[in-house]
Amino acid sequence: MSDAYSRPKRRKRISIRSWGTFSAALAGLATSGEAHAADKTTTTAETLTVVGSALSQRNNASANPVQTITSRQIQRTASTTIGEYLQRLPSIGSSGTTNTQTSGGLGMSCTDIRNLGASRVLVLIDGKRQVQSASSSQSCVDLNTIPVDLVDSIEILKDGGSELYGADAVSGVINIKLKHNLTTGGFTVRGGITDQGDGQTGKISGHKGFNFDQGRGNITLFGSYETVSPIMQRNRAWARDPQVTNPVSGKPAYGSSISTATRVMDPAGRFNLVQSPNGDFTPFSSADNYNYGRDGNLTNYLQTATLHGQAHYDVTDWFKPYASIFYSHKTTQQTQAPSPVTGSIYPSTLPSSFILPSGNPYNMWGQDVNMYKRMDAFGDRQFGQASDTWQVNAGAKGHIFGGWNYDASMAYGASDMTLRAQNVVNYNHMMQEMGVRQLTPGDAHSAVVYDPSVCAASSGCVLQNPFAPWSQKAVDYASATISNHTSYQLRDFNFRVHNNHLVHMPYAHGGDVGLAFGVEHRSEQLSFTPDPLSNAGDIAAANGSASATGGGFNTTEVYGELNVPFLRNAFMAKDLSVDAQGRWSRYNTFGSTQIWKTGINWAPVDDIRFRATLGTSFRQPNVYELYGGRTLSYQSAHDPCAQVSSYGALSGSVAANCALQGINTASFVDANAGKIPTISGGNPNLQPETGRTWTVGTVITPRFAPHLNVSVEYWHYTINHTISALLPQYVLDECYTGADPSYCSDVSQRTTGNQISTVQTLYQNLGTLREDGLDFDLSYNIHLFGKNYLSLSNNYQQVFGYNQQNEPNGKFYNYTGRMFNQTGSGIPRIRDYATATWSHGNVALTYMMSYTSGMVWNNGTTDLTAKTAGQYRTPGIFAHDLTLTYTLPHWTIEVGVNNLLDKKPPFVLDSYFNTAAALYGEEMMGRYVFVQVGSVF
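Residues numbered from 1 in each chain as written. Predicted model: local features only at pLDDT ≥ 70, side-chain atom pairs only at ≥ 80, totals over all residues. Heavy atoms only, no water.

Asks: Sorry, what's going on with the environment of Thr678 here?
Replies: The residue Thr678 is located in strand β32 (residues 675-680) in this model. Note: C-alpha distance between Thr678 and Leu86 (592 residues apart in sequence) is 30 Å. Within the local environment of Thr678, its side chain forms a polar contact with the backbone oxygen of Ile676, the two atoms lying 2.9 Å apart. (Helix = DSSP H or I, 4+ residues; strand = E, 2+ residues; numbered from the N terminus. Polar contact = N/O pair within 3.5 Å; in protein donor to acceptor, adjacent residues only side chain to side chain.)

Here it is, written out as structure tokens:
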């Protein structure tokens, strides 16, 4: 809640010693000798308002652990988006969505703090809520829509902030502070490319600001355009052959068992054949798998255009109106292999298996057979997303009387996205071209017969030999382009008053009591409208069926904060203060609730400070979690009946349960080959999450070492009634091992070919999650000699425990140091990000290093071991970057290399890219070089 729109003032030098702030913020990494000379002058203390408090407090006087990142720190990296930069920070988890997630990410960038999920972090812009963007199954503040060049700094509150900001801020708050009150013009041009000649990036941005009426008002305008080219999966040797099995011994399988050659299987498992190039049929083997890695993207194509304007005018001290408008247009694209056809999926009532009836003249087996085919005649699938996001903030602030000030604001934002898919298969039309008719229409498991009249009765339909090349007329009739639409709206009204000097404590060495309170009314609505073909279930399963989503909520809330400085400048109490925050909320969906937070900050002397916080949290389910329609995705998992031996002592139970379904596990073949059709969606019976967070730490700023800042913080989260969806492998294992037969109700009836039809993993209240760990941060700015300066920083996180229940009152699973290889996310025990900058006059050289510790693979239920898997752990990995900066009076030139040593990402069996995209995005691109030129005039 920063005072972003106050009247422009002469800048004061600030002694910044905030927790976790890199030394780059301390000295600006010194781009000129004059900047360092200025460090020798006397500094003046100044009060600031930072995220986590509604009151202005002296530097370093807050109990809240807040990390601040400056725009210079971001600019010196190769990061083209805010989300890419945040992934460098140890506190940012891997359960969000990044630009390297081309399957299911849909071009969105959703961040996450401490691996607690994107739905539990609140992203603000200048202390105000921002409208979310929505895809077919998730919503978040899309960081791809916020240009890096518009950012002045980013504050990360890492102990929860629901008491001041509302229900979303369970794990913390990310406040993106934009540049304000500019009186200059400027532009920035940037270009980059990998050493493989792909992944090109280009950016141009500009700004112009000016004061008017003798500095009482200011108008600042900003615009940018950016494009990021994709990297194809086939152009990286480590990714071009996706591995899908992980046997203890023998050769693993690669690619999909659904190939462009037609595959035919007997439902009873007596034969499993594939068509050879000469038209004959031979036994199918993994050598016949299709390498889908040669067709798809490794990273997204991204294009954004942004306009931003802001203005304020100080009419009087008590009335200072302000307004801002933000607009972003974003386009993203992905390419995937041609569509596989295996049958239908909910909500479709078309045949659940792709059946060639016995009466078909091309059926040489005299019985119904199941077919599996990748429709290469239709071409690669092309996915594109186009979104428009805009928001208007307006309000007024000013002085009331005495020390009281107010801030009244409103915000309205909307985000609309169109999701387009080309070259997908209209399964209904394909069945007509095959002459397939269901004996019981409306039953996906109905018997079928050959009836060519179903094609003759449909205009444009032509009968097709399934074993011959598809004619263009047949392709035109059975191919489709679908368009889904999402919309998200935010309305937020907020009125706050505060007084930093309400009353002075009535004794010597007392401080000024601060008080702030306010009221907020917020409403959010979301809608998802699928294409009629998707909604009807006519699209082939691999491209997903979907049902509509619609809903929203509103809440009225009252919040407050009281800061009591008991002692100032006393013996053994340079500073002793207690802060209390609280919030009462009334939701139209769940009634009323209240949460609170308290903190203590004690500095016995200038050199050391101790602090602690304790707070509660409440998170109501978001719109998708409550009202989300059913959607289909293919998630990494394996049919238990195809890998019985991997269950060890439980193998007998798995084999017995498979036999009850008529499956001979000795000869059964999993046609899905590492991908299970998974139905996800909302659950109107969800209950809110509740939680408690506490931190305790110290900050050391020794006077004998000026500009040295060392902080250590222990943190602990407990979240009850966690809202999440289980992994499909967990559901299958609990069912087939007999550990919890109730999960069998989430596994649909198998297809007529004995393949898993779907696994349902709807949102539910799972149980309790407990996470704790330690942060260690250091920043140090050193004058070496003459014009030579060295700036060091280090940001370290160690997770001690990440324990989660997957059902209410169930057992706790220890996921600390585990990699969920099937989803590509993980919880490393240690992450570290360090930088070192040497500067001499106008030249600065910055070295950046990041480290992620190794992890043991886990399938959601158990750890993989040498007895159950060929590979079962990921090693630790270092990455190195280097940037050279040269500064002239009105120009800044930067040249950088990202992933200097061209480190390859470690192997992870995710069945997509052979690595974990959410963790190793920098290594996935390879070595990347960039040049940036900026001018201010």
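Asks: Could you clarify how one ought to interpret the domain arrangement of the chain in this entry?
Replies: It is common to give the size of an interface as the accessible area lost on bringing the parts into contact. Segmenting the chain into domains produces domain 1 (66-232 + 300-334 + 385-420 + 485-620 + 688-725 + 768-936) and domain 2 (626-687 + 726-764). Distance between the C-alpha centres of domain 1 and domain 2: 36 Å. Tallying the contact residues gives 34 residues for domain 1 and 28 residues for domain 2. By the criterion of area lost to domain 2, the three top residues of domain 1 are Ala725, Asn806 and Gln822, representing 21% of everything that side buries. Across the contact surface, domain 1 and domain 2 share zero salt bridges. Where domain 1 meets domain 2, there are eight residue pairs in polar contact (both at pLDDT 80 or more). Sort the elements by how many residues they give to the side of domain 1 that touches domain 2 and strand β27 (residues 549-570) lands first, with four residues. (Domains from an automatic or database assignment. Contact = heavy atoms within 4.5 Å. Buried area = accessible area lost by both parts, 1.4 Å probe. Salt bridge = Lys/Arg side-chain N within 4 Å of Asp/Glu carboxyl O.)

Asks: I tried to follow the side chain of Asp407 on my own but got confused; where do I start?
Replies: Inspection of the secondary structure assignment puts Asp407 in strand β22 (residues 404-425). Of the residues examined, Asp407 reaches a relative accessible area of 10% and is grouped as buried. In this structure the side chain of Asp407 is engaged in a polar contact, spanning 2.6 Å, whose partner is the side chain of Tyr322. Excluding anything up to four places from it in sequence, Asp407 contacts Lys128, Tyr322, Ala396, Lys397, Asn494, Phe495 and Arg496. (Buried < 20%, exposed > 50% of the residue type's maximum accessible area, 1.4 Å probe, protein only.)

Asks: Any chance you could explain the sheet that holds strand β3 (residues 66-70) here in plain terms?
Replies: Backbone-to-backbone hydrogen bonds join strands into a sheet, with any given pair of strands oriented parallel or antiparallel. Reading across from one edge, β3-β8-β9-β4-β5 is the order of the five strands in this open sheet, with mixed pairing throughout. Two strands close off the open sheet at either side, each with one partner strand: β3 and β5 (128-129). The pairing of strand β8 (residues 151-157) with strand β9 (residues 172-178) spans six bridges and is antiparallel. Its bridge partner lying in β9, Glu155 is registered against Asn175. (Pairing = 2+ DSSP bridges.)

Asks: Just checking my understanding: could you explain the state of the cysteines for this structure?
Replies: Here a disulfide denotes a covalent bond joining the sulfur atom of one cysteine to the sulfur atom of another. Applying the stated rule across the entire model yields four disulfides. One disulfide bridge connects Cys735 with Cys744, the sulfur atoms lying 2.1 Å from each other. Residues Cys735 and Cys744 share a disulfide whose torsion about the S-S bond is about 105°; that sign makes it right-handed. Looking at Cys744, the relative accessible area reads 28%, which means it is partly exposed. Going through the chain in sequence order and numbering each bonded cysteine, the pairs you get are 1-2, 3-4, 5-6, 7-8. (Disulfide = S-S within 2.5 Å.)

Asks: Is there a simple way to think about the packing of aromatic side chains in this case?
Replies: Note on aromatic pairs: each is described by the distance of the centres and the angle between the planes. Under the defined criterion, the tally for this structure stands at 25 aromatic pairs. Here the aromatic rings of Trp404 and Phe517 are separated by 6.0 Å at their centres, their planes lie at 65°, and the arrangement is edge-to-face. Highlighted residues: Trp404 in strand β22 and Phe517 in strand β26 (residues 512-529), separated in sequence by 113 residues. Using a relative accessible area of 17% as the deciding quantity, one classes Trp404 as buried. Under the relative-accessibility criterion, Phe517 is labelled partly exposed at 42%. (Phe/Tyr/Trp six-rings, centres within 6.5 Å; stacked < 30°, edge-to-face > 60°.)

Asks: For this particular structure, what's the right way to read the environment of Val141?
Replies: For Val141, the position within the fold is in the loop between β7 (139-140) and β8. C-alpha of Val141 to C-alpha of Val51: the two residues are 90 residues apart in sequence and 17 Å apart in space. For Val141, the residues in contact, after removing those within four places along its chain, are Ser109, Val123, Gln130, Val131, Gln132 and Ile146.

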